[in-house]
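A structural walkthrough
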Amino acid sequence: GVVRMTQSGMGCPDWPRCFGMWVPPTEASQLPPDFEKYLSKQDIDHTFNAFHTWVEYVNRLLGVLLGVFAIVQAVLLFPKRAAYRTSFQLALGFLVLVILTGLFGAIVVRLNLAHLSISVHLLFAILLLQVQMALILSLQPAVADIPVSPKTRRALFLLLLILLAQSVLGTVVRMYVDDISKSLDYQQRETWLAALPFSFLLHRSFSWLVLLASLWIAWSTRNSPGLTPKIRVLTGLVILNMMVGITLFYANMPAIAQPLHLLLAAAAITQTVNVLLQTTPARNNITALPLHSE
């Protein structure tokens with residue numbers, strides 16, 4: 001998100017190295033002799049910018065660190081794969097997703113930040129969150145299997161679909177903003193949404209649908225001790241993200257609000273999946289027993 005906010009996506013115009021180096025330069029004098037072939041790929045000012053370079057490079061370093069942890073947790077679960085089969089499968093799935101995310105990051109650079117490639121890259125990141133959360137839950141001594149009415153569970157699935165649709169609409173708005181901001185040399189932020197594109201109006205309207213759905217779920221589960229705190233967190237994330245979205249529009253697109261808006265959206269999706277994984281449809285008003293991990 002910060003890479004997008006600062007327009008640092010091509011700060012390292014090659015992959016996996018940066019300007020042909022494993023440790024990128026901090027000033028123009030450290031650039032390789034053939035640096036022009038790298039700078040020509042950038043879409044900002046075609047000059048070396050150490051800030052853009054290191055913002056993107058730190059993003060890559062965090063990706064490497066994520067890969068290390070993905071390998072470690074898969075290795076640690078390997079000797080226990082028979083007893084913790086689901087957990088081991090999730091760990092392997094997470095490792096595969098990390099590798100695919102890294103490889104797709106290379107495609108994003110090769111395509112010079114093509115709109116669709118950025119959106120798919122984001123999708124991989126959201127999937128990583130869900131798989132890792134499911135893995136953590138599978139390793140707990142006992143996972144709360146909270147009974148809820150079938151109507152409430154359907155509402156949770158509907159909320160998840162709405163959140164995903166809202167995220168897709170958000171990426172469409174981002175594509176529009178990317179084009180406008182680039183045409184204005186990333187200046188005049190107050191004009192980036194001045195034309196009120198249809199995608200933005202739809203995105204804004206959908207936010208009210210997300211809020212109403214989350215409020216209805218909060219009201220219908222208000223007497224469920226095991227579920228109420230989780231739904232309150234979810235509703236709080238939705239409300240907070242709406243406030244950030246309003247700030248983005250009325251405060252002339254402050255840069256810091258962009259990655260925060262994305263972060264809160266990912267957190268809301270993750271919390272919805274978290275609730276779904278810990279609930280079960282109640283039948284005949286019989287309270288379900290807790291499910292224990294493998």
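Structure's up top.
The structure contained in this document is the topic of the report that follows.

Thresholds applied
Counting starts from 1 at the beginning of each chain's written sequence and moves along it residue by residue. Confidence filtering applies because this is a predicted model: local features only for residues at pLDDT of at least 70, side-chain atom pairs given and counted only at 80 or more, and all residues used for totals across whole chains, interfaces and linings. The side-chain quantities take in all heavy atoms of the structure and omit both hydrogens and water. Helix and strand definitions follow DSSP, with helices as H or I runs of at least four residues and strands as E runs of at least two, each counted in order from the N terminus. The rule is simple: take the accessible area with a 1.4 Å probe, protein chains only, and divide by the maximum for that residue type; under 20% is buried, over 50% is exposed, in between is partly exposed. Here a residue-residue contact requires only that any non-hydrogen atoms of the pair lie within 4.5 Å. Where accessible areas are quoted, they stem from the Shrake-Rupley method and a 1.4 Å probe; at the residue level, only the protein chains shown are allowed to cover. Counted as positive: Lys and Arg. Counted as negative: Asp and Glu. His and the chain ends are not counted at all. One atom stands in for each charge, and that atom is NZ of Lys, CZ of Arg, CG of Asp or CD of Glu. Every axis corresponds to a line fitted to the C-alpha atoms, with the helix fit spanning only the stretch in contact, and the corresponding angles, defined between N-to-C directions, vary from 0 to 180 degrees. An angle below 35 degrees is treated as roughly parallel, one above 145 as roughly antiparallel, one from 65 to 115 as roughly perpendicular, and anything else as oblique. Rotating anticlockwise by less than a right angle from the far helix to the near helix defines a left-handed crossing, while the corresponding clockwise rotation defines a right-handed one. Think of it as three bins: nonpolar holds Ala, Val, Leu, Ile, Met, Phe, Trp, Tyr, Cys and Pro, charged holds Asp, Glu, Lys and Arg, and polar takes everything else, Gly as well. Geometry of aromatic contacts follows a simple scheme: Phe, Tyr and Trp rings, the Trp one being its six-membered ring, pair when their centres are within 6.5 Å, and the pair is stacked under 30 degrees between planes, edge-to-face over 60, tilted otherwise.

Side note on the overall build of the protein
Helices and strands together make up the secondary structure of the protein, namely nine helices and four strands. Element order for the protein, N to C, with α for helix and β for strand: α-α-α-α-α-β-β-α-α-α-α-β-β. With the C-alpha coordinates aligned to their principal axes, the bounding extent of the protein is approximately 75 × 55 × 25 Å. Within the protein, the proportion of its 294 residues that are buried is 42%. Summarising the internal contacts of the protein: among those between residues at least 6 apart in sequence, 74% fall at separations of at least 24. Surface summary for the protein: the accessible area is close to 16000 Å², and the carbon and sulfur share equals 70%. The averaged location of the 13 negative side-chain charges in the protein is 19 Å from the averaged location of its 20 positive side-chain charges.

Quick look at unusual backbone geometry
The phi torsion of most residues other than glycine is negative, and most of the peptide bonds are trans. Of note, the amide linkage connecting W15 to P16 takes the cis form, showing an omega dihedral of 5°. Take P16: it is sitting in the loop between α1 (2-5) and α2 (36-39). One non-glycine residue, N252, lies in the positive phi region at around 65°. Looking at where N252 falls in the secondary structure, it is placed in the loop between α8 (228-250) and α9 (257-277).

So, the packing of helix α5 (residues 115-138) against helix α6 (residues 150-183)
With their axes 10 Å apart at the nearest point, α5 and α6 run at an angle of 140° to one another. The angle between α5 and α6 falls in the class oblique. In this structure, α5 crosses over α6, and the sense of that crossing is right-handed. On α6, the residues that touch H115, L116, I118, S119 and L122 of α5 are T171, R174, M175, D178 and D179. Here the contact of α5 with α6 is built from residues that sort into four nonpolar, three polar and three charged.

Section: the side chain of R60
Along the chain, the position of R60 falls in helix α3 (residues 50-77). R60 sits in the buried class, given a relative accessible area of 12%. Apart from the residues lying within four places of it in its own chain, the contact partners of R60 are C12, D14, W15, P16, R17 and V109.

Considerations on the packing of aromatic side chains
Within this structure, the stated rule accounts for six aromatic pairs. Relative to F124, the ring of F104 has its centre 5.7 Å away and its plane inclined at 55°; by these criteria the two rings are tilted. Note that F104 is positioned in helix α4 (residues 85-110) and F124 in helix α5, a separation of 20 residues in sequence. One exposure class covers both F104 and F124, and it is buried. Plain terms: the ring middles of F200 and F249 are 5.1 Å apart, the flat faces sit at 25° to each other, and that makes the pair stacked. In this pair, F200 sits in helix α7 (residues 198-220) while F249 sits in helix α8, placing the two residues 49 residues apart along the sequence.

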